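An overview of the molecular structure
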Amino acid sequence: KLIVAVEQDEIPRLKALYERGLQNNVPGLKLIGAKEIQAKEPFCRGLMALDSPYTGIVDYKQVAQSYAEDFQEAGGTIFTDFEVTSMEMAKESPPGSEDGLKYPVIVRNKK
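My aim in this report is to walk through the structure given alongside it, one point at a time. Just so it is clear, the structure is predicted and the values come from calculations on it, not from any experiment. (Residues numbered from 1 in each chain as written. Predicted model: local features only at pLDDT ≥ 70, side-chain atom pairs only at ≥ 80, totals over all residues. Heavy atoms only, no water.)

**Some points on the sheet that holds strand β2 (residues 30-33)**
Taken together, the 3 strands give an open sheet; going across it, the order is β1-β3-β2, and neighbouring strands pair in antiparallel fashion. Two strands lie at the open edges of the sheet, namely β1 (2-5) and β2, each paired on one side alone. With direction set aside, neighbouring strand axes in the sheet form an average angle of 25°. Sheet analysis places β2 next to strand β3 (residues 48-51), joined by 4 bridges and oriented antiparallel. Bridged to L31 within β3 is L50. Running over the sheet, helix α1 (residues 11-23) touches β1, β2 and β3 and is turned about 20° from β3. (Pairing = 2+ DSSP bridges. Helix = DSSP H or I, 4+ residues; strand = E, 2+ residues; numbered from the N terminus. Axes fitted to C-alpha atoms, helices over the stretch in contact; angles between N-to-C directions. Contact = heavy atoms within 4.5 Å.)

This is the structure we're talking about:
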């Protein structure tokens, strides 16, 4: 998969994406120039590209549904039609405390 910068102002963002990929140990990641882009994808033109040979297309709906199933199996509840007004980190409750907080995120809504 190539992520292509076609304008000069896109190059810094492409390089930042490359750096994040390296930090996350993305295999085979490399920056390539215009000639390498054309050699890899003859009908593609750009100034620079990020070549990620092990990247794939993902069905995000299916991924979200899988996360939802995992969350519910772990005892979580999913709310729909729920407008979030704030989220904050909270300290985990010590074992046996009365406030019942087991997870360090508090989500609030208007209701």
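Back to the text.
**Structural notes on the side chain of D51**
Note that D51 resides in strand β3. A distance of 3.3 Å separates a polar atom in the side chain of D51 from a polar atom in the side chain of K40. When neighbours within four sequence positions are excluded, D51 is seen to be in contact with K1, L2, G28, L29, K30, I32 and K40. (Polar contact = N/O pair within 3.5 Å; in protein donor to acceptor, adjacent residues only side chain to side chain.)

**Let's talk about the environment of G21**
Considering the arrangement of structural elements, one finds G21 in helix α1. Judged by its relative accessible area of 8%, G21 is buried. When the C-alpha atoms of G21 and L50 are compared, they prove to be 9.9 Å apart, with 29 residues separating the residues in sequence. The contacts of G21, once residues within four sequence positions are left out, are V26 and L29. (Buried < 20%, exposed > 50% of the residue type's maximum accessible area, 1.4 Å probe, protein only.)

**A closer look at helix α3 (residues 60-73)**
Relative to the 20 Å expected for 14 residues at 1.5 Å per residue, α3 spans 20 Å between its end C-alpha atoms, a close match to the ideal helical length. At the exit of α3 stands G75, carrying a positive phi of roughly 100°. (Expected span 1.5 Å × (residues − 1).)

**A closer look at the packing of aromatic side chains**
Applying the stated criterion across every chain yields a total of 1 aromatic pair. Both rings, one in F79 and one in F82, keep their centres 5.4 Å apart while their planes meet at 25°; by these two values the pair is stacked. Residue class for F82 comes out partly exposed when judged on its relative accessible area of 31%. (Phe/Tyr/Trp six-rings, centres within 6.5 Å; stacked < 30°, edge-to-face > 60°.)

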